[in-house]
Amino acid sequence: MSKAPIAVALDAPSLDVARQWAGEVAEHVQVVKVGLEVFLRDGHQAVEVAREASGCEIFLDLKLHDIPATVGGAARSIARLAPKYLTVHASGGSEMVKAAADALPDTFITAVTVLTSLSQEQLTAMRWSGTAQEIVATLAQQSVAAGARAIVCSPQEVAAVRQAVGEGITLITPGVRPIGADVGDQQRIATPEQAIADGADLLVIGRPITGAPDLAVAARAIAQSLGY
Ligand code: C5P
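Note that this is a predicted model, so its numbers are computed, not measured.

So, on to the site of the ligand. With respect to spatial proximity, 18 residues lie near the ligand, and among them Asp11, Lys33, Arg177, Gly206 and Arg207 are the closest. One nitrogen or oxygen atom from the side chain of Arg177 is found 2.7 Å from an oxygen atom belonging to the ligand. Here Arg207 contributes a backbone N or O atom positioned 2.7 Å from an oxygen atom of the ligand. Bound to the protein, the ligand loses 87% of the 470 Å² it would expose on its own. Given that more than half its atoms are within 2 Å of the pocket grid, the ligand belongs to the largest pocket. Elements that contribute at least two residues to the shell around the ligand include exactly strand 3 (57–64), strand 8 (202–205) and helix 10 (207–210). A class-by-class count of the residues in the shell around the ligand yields 9 nonpolar, 3 polar and 6 charged.

Take a look at the structure:
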């Protein structure tokens, strides 16, 4: 059985829980994502545990955002973990994205465009001019030119981003909610089927799977809805 293009966000309250979640979803998904909650508490061990428990590819979601020299140094600091994906904020600028890409040539430096928890109203209030779609497409284009090999955007912008960056760039969408699932703090959302239909290559899904009574059942149901 082939596994679905899903990255399960292991935003877990302890290392033991992260290990358990990783093991439970492993059969159904290609990727597990270690983010700030787990990494800042458990450090490099969190990545090792997630990899050992799941056998899946690792998405290290550190959303780096600093001056280029510091981001390059931070990327080198996690080089031995060899994640398939490492996130940086596209809004840190082209030089910053390039510093990460130069530091880790074997990792997909993944540029986060605009957080999926931000609404159009919030963007306007922060005086980001243009629509979310325009901002995201511009940031995506600039990041790819600087060496990013993957882009994080909301499912609502994935079609526009595909048009902006072309084929060959991995498009990753959080903010994915099956029909009836709790939306939580996410704003710019779509169903898994819609996100894939619009051109996403990998779906980041957290609470709809990790908050379910049985994680394997929830992961399998979403995988099956995508034809896996
Ligand atoms: O639980 P939920 O499905 O909302 O989890 C989404 C995951 O994707 C979280 O780990 C969050 O940090 C991450 N993410 C996001 N929006 C982005 C980038 C990453 O929600 N733009």
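This brings us to the pairing of strand 3. A large share of strand 3 lies buried, amounting to 6 of its 8 residues. Here strand 2 (residues 29–35) runs beside strand 3; their pairing, made up of 5 bridges, is parallel. Bridge pairing links Gly35 to Asp61 in strand 3. In terms of strand pairing, strand 3 meets strand 4 (residues 85–89) through 3 bridges, oriented parallel. In the sheet register, Leu64 faces strand 4, and the bridge partner there is Val88. Of the crossover connections in this fold, the one passing from strand 3 over helix 4 (residues 68–77) to the parallel strand 4 is right-handed.

One non-glycine residue, Ala82, lies in the positive phi region at around 40°. By the element assignment, Ala82 lies in the loop between helix 4 and strand 4. By relative accessible area, which is 48% here, Ala82 ends up partly exposed.

Right, let's get into the packing of aromatic side chains. Per the counting criterion, the structure on display carries 2 aromatic pairs. Geometrically, the ring pair formed by Phe59 and Tyr85 is tilted, given 5.5 Å between the ring centres and 40° between the ring planes. Taken together, the residues Phe59 in strand 3 and Tyr85 in strand 4 connect sequence positions 26 residues apart. Each member of the pair, Phe59 as well as Tyr85, is classed as buried.

Turning our attention to the sheet that holds strand 1 (residues 4–9). Reading around the barrel, the 8 strands line up as 1-2-3-4-5-6-7-8 and close back on themselves, with parallel pairing between neighbours. Across the sheet, the mean angle separating the axes of adjacent strands is 25° when strand polarity is ignored. Its contacts with the sheet put helix 8 (residues 158–165) on strand 6 (150–152) and strand 7 (170–173), and the angle it makes with strand 7 is roughly 160°.

Once that is clear, we can look at helix 5 (residues 94–103). Inspection of helix 5 places Met96, Val97, Ala99, Ala100, Ala101 and Ala103 among the buried residues, and these make up the whole buried set. Contact partners of the buried residues in helix 5: strand 3, helix 4, strand 4, strand 5 (108–112) and helix 7 (132–145).

With that out of the way, let us pick up the pairing of strand 1. Residues in a regular strand point their side chains to alternate faces of the sheet. Of all the 6 residues making up strand 1, 6 are buried; the element is thus mostly covered by neighbouring parts of the structure. Residues Ala4, Ile6 and Val8 point to one face of strand 1 and Pro5, Ala7 and Ala9 to the other, with burial holding for every one of them. Of the strand pairs in this sheet, strand 1 and strand 2 are connected by 4 bridges, and their pairing is parallel. Looking across to strand 2, one finds that Val8 is bridged to Val32. In this fold, strand 1 hands off to helix 1 (residues 15–25), which returns the chain to strand 2; that crossover is right-handed.

Below, the discussion takes up the environment of Ile58. With respect to the element layout, Ile58 can be found in strand 3. When the C-alpha positions of Ile58 and Thr107 are compared, they lie 10 Å apart, and in sequence the two are 49 residues distant. Beyond its immediate stretch of four places on either side in the chain, Ile58 contacts Val31, Val32, Val47, Ala50, Arg51, Pro83, Lys84 and Tyr85.

Cut-offs applied
- Residues numbered from 1 in each chain as written.
- Predicted model: local features only at pLDDT ≥ 70, side-chain atom pairs only at ≥ 80, totals over all residues.
- Heavy atoms only, no water.
- Near = heavy atom within 4 Å.
- Polar contact = N/O pair within 3.5 Å; in protein donor to acceptor, adjacent residues only side chain to side chain.
- Areas by Shrake-Rupley, 256 points an atom, 1.4 Å probe, with all protein chains shown as cover.
- 1 Å grid on protein atoms, 1.4 Å probe; cavity = no way out; pocket = protein on both sides within 12 Å on 5 of 7 lines; lining within 4 Å.
- Sits in = over half its atoms within 2 Å of the grid points.
- Helix = DSSP H or I, 4+ residues; strand = E, 2+ residues; numbered from the N terminus.
- Nonpolar A, V, L, I, M, F, W, Y, C, P; charged D, E, K, R; others polar.
- Buried < 20%, exposed > 50% of the residue type's maximum accessible area, 1.4 Å probe, protein only.
- Pairing = 2+ DSSP bridges.
- Right-handed = clockwise from strand over helix to strand, strands pointing away.
- Phe/Tyr/Trp six-rings, centres within 6.5 Å; stacked < 30°, edge-to-face > 60°.
- Axes fitted to C-alpha atoms, helices over the stretch in contact; angles between N-to-C directions.
- Contact = heavy atoms within 4.5 Å.

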